[in-house]
Each structure stands twice: as C-alpha cells, then as structure tokens.
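# Fold and contact review
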Amino acid sequence: GAVVSQHPSWVICKSGTSVKIECRSLDFQATTMFWYRQFPKQSLMLMATSNEGSKATYEQGVEKDKFLINHASLTLSTLTVTSAHPEDSSFYICSARRTYSNQPQHFGDGTRLSIL
Amino acid sequence: GENVEQHPSTLSVQEGDSAVIKCTYSDSASNYFPWYKQELGKRPQLIIDIRSNVGEKKDQRIAVTLNKTAKHFSLHITETQPEDSAVYFCAASGLANTGGFKTIFGAGTRLFVKA
C-alpha cells in the first residue's frame, strides 16, 4: 500500500506556459501533501505543504502566486507553475502522508520540467 | 529554526564493506526518524525508520540507531553491494508548533559502492 502517483513525468514547454502537475494518493487518504523541488545532485527543497480544504503553507522564499497549489480532495493535490521561465526548470516531487499521523511520507515519481 | 545535519555528503566504499551515515537534529519534539534511498532520476523510497521509544532497529543488512539524549541517529549498511549505490536522506519528524507534523530532511549522502 501507500502508492503515490505523479503526473506528468516529463514536461518540455515554451517560456510563458503554465504547467500543472498532479499528485494522487492511490490507496490511502492524505490530508497533507508536500511539494519539493530538487536540483541536480542536491537535496529535497520543501516548497509548500498542501492541506486538504485549506490554503497551502509556503516555505520562505517560494512565491505563492508563481506556484499555485490546490488540494481539493483527500487524494489529489495539484501544483501549477504559472508563466514558467527557464529558471523554473527543475525536478518537482510530491509526497503524501496518511491522515493526521506521524507516518513516513510516500513520494511520487517526480516531474522533470524543462522550460525552453 | 529546526535543522537536520547529515554527514558525510559523499561516501565511497568497497563492495562488502560497511557504510555509516550520521545525522543530528535540533528539534526536541522530533520522535520519528525515517531514512530514504533515492536512485538517480527516481523517487525517494523509505528503507527503514525508527521511533523515539527504541534505540535500534534492524532489517537484514540495514540498521538504524538513535541516541535521543545526543539527538543523533545513524544508518548502518553492512556487506554493501553495488546496487546500494544511491543518495540516502535522513529525516526527523515531530509535532509542529502550528499543529500537524513537520518533517525535515538532511542534505543527503551520495554513496558509491565500488565492485
């Protein structure tokens, strides 16, 4: 159990395009999901915590208007990179944790975003 | 603020040798410590975890130890194999001031196992 599906796995698009990434918990409910950004050979950088039915909590330095997060159900969170530019190119990974518990986070496969 | 330090950043061992990765945490509220393995281009996967009510946990070639007093925890891999080569992340999780649980990750250790 505890499978997290992330889609798409790879996106290549032109500068100025908005890109939506989906994160789904397939076999468990997740009131909390997390969005990370990872640069090559670097650690996981937490961008925001997505809370079902409420606003996301963004980490310091992350633009909330640039990275829109929606967590409309207990199994789905979306991250939209608005008006993406080349500097937004990165590996984005989501994770989900079972409802209200201090349990491990389960990660999606990640989305490699390349902005031309 | 809360912090998790992880050492070393890179570790190279010969096949069959042991590998040890160490982490320290600062938040006394942390009571759950998972370890993740991330192969190149893939998702981080949970390999072992430990809670603050035990000092050691073992699963085949992998073991984790926890010293709550010193706020240290370590990952031990014995009889390393080339397929153990990956980036390993430690994490510390506990109740956040704002409610819910907060997990902080270490910077990662790149392990190379030479055949």
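Our structure's up above, just so we're on the same page.
Report follows, based on the coordinates.

The rules behind the values
- Residues numbered from 1 in each chain as written.
- Chains lettered and ligands numbered in written order.
- Predicted model: local features only at pLDDT ≥ 70, side-chain atom pairs only at ≥ 80, totals over all residues.
- Heavy atoms only, no water.
- Helix = DSSP H or I, 4+ residues; strand = E, 2+ residues; numbered from the N terminus.
- Rg over C-alpha atoms; globule rule 2.2 N^0.38 Å.
- Buried < 20%, exposed > 50% of the residue type's maximum accessible area, 1.4 Å probe, protein only.
- Contact = heavy atoms within 4.5 Å.
- Areas by Shrake-Rupley, 256 points an atom, 1.4 Å probe, with all protein chains shown as cover.
- Buried area = accessible area lost by both parts, 1.4 Å probe.
- Salt bridge = Lys/Arg side-chain N within 4 Å of Asp/Glu carboxyl O.
- Polar contact = N/O pair within 3.5 Å; in protein donor to acceptor, adjacent residues only side chain to side chain.
- Nonpolar A, V, L, I, M, F, W, Y, C, P; charged D, E, K, R; others polar.
- Pairing = 2+ DSSP bridges.

The subject of this paragraph is the overall build of chain A. In terms of helices and strands, chain A carries zero helices and eleven strands. When the helices and strands of chain A are read in sequence order from the N terminus, they spell out β-β-β-β-β-β-β-β-β-β-β. For 116 residues, the compact-globule estimate of 2.2 N^0.38 gives 13 Å, and chain A sits close to it at 13 Å. Seen through its C-alpha atoms, chain A measures out along the principal axes to roughly 40 × 25 × 25 Å. Classification of the 116 residues of chain A by burial places 54% in the buried group. Residue pairs in contact within chain A that sit at least 24 positions apart in sequence constitute 55% of those at least 6 positions apart. As displayed, chain A offers around 5600 Å² of accessible surface, 51% of which is attributable to carbon and sulfur atoms.

To continue, consider the interface of chain A and chain B. Contact residues are listed per partner, giving 21 residues for chain A and 20 residues for chain B. Ranking the residues of chain A by area buried against chain B places N102, P104 and F107 of chain A at the top, with a combined share of 34%. Seen at the junction of chain A and chain B, the total is one salt bridge. Here R43 of chain B and D109 of chain A are joined by a salt bridge, their closest N and O atoms 2.6 Å apart. Across the contact surface, chain A and chain B share eight residue pairs in polar contact (both at pLDDT 80 or more). Mapped onto the side of chain A that touches chain B, the elements with two or more residues apiece are β4 (32–38) and β9 (90–97) of chain A. In terms of residue count, β9 of chain A provides more of the side of chain A that touches chain B than any other element does, three residues in total. Within the side of chain A that touches chain B, the residues separate by chemical class into eight nonpolar, eight polar and five charged.

All names here are of chain B. Among the structural elements, S93 can be located in strand β9 (residues 86–95). Given the relative accessible area of 0%, S93 is considered buried. A distance of 3.1 Å separates the side chain of S93 from the side chain of T103, its partner in a polar contact.

With that settled, consider the pairing of β9 of chain A. Residues and elements named next belong to chain A. Among the eight residues in β9, eight count as buried, and that is most of the element. Residues of β9 alternate between two faces, with S90, Y92, C94 and A96 on one and F91, I93, S95 and R97 on the opposite face, all of them buried. With seven bridges connecting them, β4 and β9 associate as antiparallel partners. Counted as the bridge partner of W35 is C94 from β9. Bridge count between β9 and strand β11 (residues 111–115): three bridges; the pairing is antiparallel. Of the residues in β11, the one forming a bridge with S90 is L113. Here β9 pairs with strand β10 (residues 106–107) via two bridges, running antiparallel.

Before going further, it helps to spend a moment on the environment of A96 of chain B. Residue and element names in this part refer to chain B. If you trace the backbone, A96 turns up in the loop between β9 and β10 (101–105). By relative accessible area, which is 17% here, A96 ends up buried. Each C-alpha atom, one on A96 and one on T109, is 26 Å from the other, the two residues being 13 residues apart in sequence. In this structure, A96 is in contact with F101 and K102, ignoring residues within four places of it in sequence.

Turning our eyes to something else, we now look at the pattern of salt bridges. Counted by the stated rule, this structure contains six salt bridges over all chains. Close ionic contact of K66 of chain A with D88 of chain A constitutes a salt bridge, the shortest N to O distance being 2.8 Å. In this pair, K66 of chain A sits in the loop between β6 (57–58) and β7 (67–73) while D88 of chain A sits in the loop between β8 (76–81) and β9, placing the two residues 22 residues apart along the sequence. For the pair formed by K66 of chain A and D88 of chain A, the shared burial category is buried. Between R61 of chain B and D84 of chain B there is a salt bridge, with the nearest N and O atoms lying 2.9 Å from each other. With R61 of chain B in the loop between β6 (56–59) and β7 (62–67) and D84 of chain B in the loop between β8 (72–77) and β9, the pair connects residues that are 23 residues apart, well separated along the chain.

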